[in-house]
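A look at the structure
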Amino acid sequence: MTEDHILLEQRDGKWRISALIDFGDALVGARDYEWIALWFSGLDRDYDELAAFMTAYNPHLKLDGTFFTRAMAFTFLHEFSIDILALTLKALGQPQVTSVQELQALLWEA
């Protein structure tokens, strides 16, 4: 889900999600694959928004080291990983990265 997959409507003076659409990427696979576009695009890497989304999606899902390690793996596996990595690292000022763990901390830091 990216920012162009979320439809909003204004009700009672507040913006609320009215629908989610994502037919272009409708694939069968691990749900973790979808967190990549959500994190880097739809939520613009905002941890508080990710936490709120995940709590609504599944209150038992933990945003812990296991979650972020899987998220990093799926970042590499994502169809648009090269673009995601290039754009994110550019936005972060092209930091020097010397390990996968360092890259994970930069990309998925809470």
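Preceding this section is the structure that the text describes.
Attention in this report is confined to the structure presented alongside it. Small disclaimer: the values here were computed from a predicted structure and weren't measured.

Regarding the overall build of the protein
The helix and strand tally for the protein stands at 5 helices and 2 strands. Long-range contacts, defined here as pairs at least 24 residues apart, represent 47% of the contacts in the protein between residues at least 6 apart. A total of about 7,400 Å² of accessible surface is found on the protein, and carbon and sulfur atoms cover 56% of it.

Considering the packing of aromatic side chains
Two descriptors summarise a pair of aromatic rings, namely the distance from one centre to the other and the angle between the planes of the rings. This model, assessed by the stated rule, comprises 7 aromatic pairs. Taking 6.3 Å as the distance between ring centres and 10° as the angle between the ring planes, the aromatic pair formed by F53 and Y57 counts as stacked. Of this pair, F53 and Y57 both sit in helix α2 (residues 47–57), 4 residues apart, which is roughly one turn of that helix. Given a relative accessible area of 24%, F53 falls into the partly exposed group.

Brief notes about the pattern of salt bridges
Inspection of every chain in the model, using the stated rule, returns 2 salt bridges. Between R11 and E9 there is a salt bridge whose closest N-O contact spans 2.8 Å. When the shortest N-O distance is used, the salt bridge between R70 and D32 registers 3.0 Å. Highlighted residues: R70 in helix α3 (residues 65–77) and D32 in helix α1 (residues 32–42), separated in sequence by 38 residues. You can call R70 partly exposed: its relative accessible area is 39%. D32 gets classed as buried once you look at its relative accessible area, which sits at 10%.

Things to note about helix α5 (residues 100–108)
For α5, the full list of buried residues reads L103, Q104, L107 and W108. Summarising the axial view, the buried residues of α5 lie within an arc of 100°, below the 170-degree limit, and thus occupy one face. Buried residues belonging to α5 abut α1, α3 and α4 (81–91).

Focus on the environment of L107
Mapped onto the elements, L107 comes out in helix α5. Residues L107 and T88, 19 residues apart in the sequence, show an inter-C-alpha distance of 7.6 Å.

As for the pairing of strand β2 (residues 14–20)
Across 6 bridges, the pairing between strand β1 (residues 6–11) and β2 is antiparallel. Counted as the bridge partner of L8 is I17 from β2. The antiparallel pairing of β1 with β2 creates a hairpin that spans 2 residues between the two strands, and D12 there sits at a positive phi of about 55°.

Let's talk about the packing of α1 against α3
Between α1 and α3, whose axes approach to 8 Å, the crossing angle comes to 85°. In terms of axis orientation, α1 runs roughly perpendicular to α3. Facing α1, whose interface residues are D32, Y33, W35, I36 and F40, α3 presents F67, R70, A71, F74, T75 and L77. Here the residues of the contact of α1 with α3 are counted per class, giving 8 nonpolar, 1 polar and 2 charged.

Reading guide: rules and limits
Residues numbered from 1 in each chain as written. Predicted model: local features only at pLDDT ≥ 70, side-chain atom pairs only at ≥ 80, totals over all residues. Heavy atoms only, no water. Helix = DSSP H or I, 4+ residues; strand = E, 2+ residues; numbered from the N terminus. Contact = heavy atoms within 4.5 Å. Areas by Shrake-Rupley, 256 points an atom, 1.4 Å probe, with all protein chains shown as cover. Phe/Tyr/Trp six-rings, centres within 6.5 Å; stacked < 30°, edge-to-face > 60°. Buried < 20%, exposed > 50% of the residue type's maximum accessible area, 1.4 Å probe, protein only. Salt bridge = Lys/Arg side-chain N within 4 Å of Asp/Glu carboxyl O. Arc of directions from axis to C-beta. Pairing = 2+ DSSP bridges. Axes fitted to C-alpha atoms, helices over the stretch in contact; angles between N-to-C directions. Parallel < 35°, antiparallel > 145°, perpendicular 65-115°, else oblique. Nonpolar A, V, L, I, M, F, W, Y, C, P; charged D, E, K, R; others polar.

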